[in-house]
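Secondary and tertiary structure notes
Okay, here's what each chain looks like letter by letter:
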Amino acid sequence: QVHLVESGGGLVQAGGSLRLSCAASERTFSLYKMGWFRQAPGKEREFVAGILWSGDGTDYGEFVKGRSTITRDNAKNTVYLQMNSLKYEDTAVYYCAARSSYSSPYRYWGQGTQVTVSS
């Protein structure tokens, strides 16, 4: 079982920055990819960014390209999401998730961290 704990959310003014962190439990050797998702009130959950646990592969949702960077620290079993130039519409609960293989869905989820951007 993989446990994920997010942190780093909060209230920020439009144009500001936040860095979210996702700490994974010890069994990260079994993971294939980590991802960040978000869900705003009344909206579907959407993909924000993803990173392979080994190698250099990353991908991003269109709405964050150029504004966000996903990175990982294998030694700390932690994935980060640096978000810059935040917009009011980035307000959402942000979730960290993990999948164990290319063919499997995101099976493990954190509890979420609230990001609120004031206009």
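Since this is a predicted model, take the numbers as computed values, not measurements. (Residues numbered from 1 in each chain as written. Predicted model: local features only at pLDDT ≥ 70, side-chain atom pairs only at ≥ 80, totals over all residues. Heavy atoms only, no water.)

**Considering the nonpolar core**
Applicable threshold: Joining through side-chain atoms within 4.5 Å is the link that ties buried Ala, Val, Leu, Ile, Met, Phe, Trp, Tyr and Cys residues into a set, and such a set is a nonpolar core. Whether a residue is buried, partly exposed or exposed follows from its accessible area with a 1.4 Å probe, protein chains only, as a fraction of its type maximum: under 20%, in between, or over 50%, in that order. The secondary structure listing takes helices from DSSP runs of H or I that are at least 4 residues long and strands from runs of E that are at least 2 residues long, numbered from the N terminus. Any two residues having at least one pair of non-hydrogen atoms within 4.5 Å are treated as being in contact.
Counting 28 residues, the largest nonpolar core has Leu4, Met34, Trp36, Val79, Leu81, Met83 and Tyr94 as its most contacted members. Listing elements by their share of this core, those giving two or more residues are β3 (18-24), β4 (33-39), β5 (46-52), β8 (78-83), β9 (92-99) and β11 (113-118). Contact partners of Met34, with chain neighbours within four places excluded, come to Leu4, Cys22, Ala49, Gly50, Ile51, Trp53, Ile70, Val79, Cys96, Ala97, Ala98 and Tyr106.

**Re the environment of Gly110**
Within the secondary structure layout, Gly110 lies in the loop between β10 (108-109) and β11. Exposure remark for Gly110: the relative accessible area of 12% places this residue in the buried category. The sequence separation of Gly110 and Ala23 amounts to 87 residues, and the corresponding C-alpha distance is 9.3 Å. Once you skip the residues sitting within four places of it in the chain, Gly110 turns out to touch Leu4, Glu6, Tyr95 and Cys96.

**A closer look at the environment of Ser118**
Assignment of secondary structure puts Ser118 in strand β11. Here the alpha-carbon distance between Ser118 and Val12, two residues 106 residues apart in the chain, equals 6.2 Å. Apart from residues no more than four positions distant in its own chain, Ser118 is found in contact with Leu11, Val12, Gln13 and Ala14.

**A few points about the sheet that holds β3**
The cut-off we apply is this: Only strands joined by at least two bridges in the DSSP assignment are considered to pair. Where helices are involved, their axes are fitted lines through C-alpha atoms of the stretch in contact, as for all axes, and angles between N-to-C directions lie from 0 to 180°.
Spatially, four strands are ordered β1-β3-β8-β7 in an open sheet, and the strand pairing comes out antiparallel. Two strands in the sheet have a free side with no partner beyond their single neighbour: β1 (4-7) and β7 (68-73). Averaged over neighbouring strand pairs, the angle between their axes works out to 15° when direction is ignored. Relative to β8, β3 runs antiparallel, the two being bridged by six bridges.

**Observations concerning the side chain of Glu6**
Counted only if it meets this: Under this rule, positive means Lys or Arg and negative means Asp or Glu; His and the chain ends count for nothing. By salt bridge we mean one thing: a side-chain nitrogen of Lys or Arg within 4 Å of a carboxyl oxygen of Asp or Glu. Residues adjacent in sequence count toward polar contacts only when both atoms are side-chain atoms; beyond that, a polar contact is any pair of N or O atoms within 3.5 Å, and within protein one must be able to donate a hydrogen and the other to accept it.
Topologically, Glu6 is positioned in strand β1. Buried and without a salt bridge, Glu6 has Arg45 as its closest oppositely charged side chain, separated by 8.3 Å. A polar contact of 2.8 Å, which involves the side chain of Glu6, links it to the backbone nitrogen of Cys96. Among the polar contacts made by the side chain of Glu6, one reaches the main-chain amide nitrogen of Gln111 at a distance of 3.0 Å.

**With respect to the pairing of β3**
Most of β3 sits inside the fold, with five of its seven residues counted as buried. Inspection of the sheet shows β1 paired to β3 by four bridges, in the antiparallel sense. When the bridges of β3 are listed, Val5 appears paired with Ala23.

**Overview of the side chain of Lys33**
Inspection of the secondary structure assignment puts Lys33 in strand β4. Only 3.2 Å separates the side chain of Lys33 from the side chain of Asp59, close enough to count as a polar contact.

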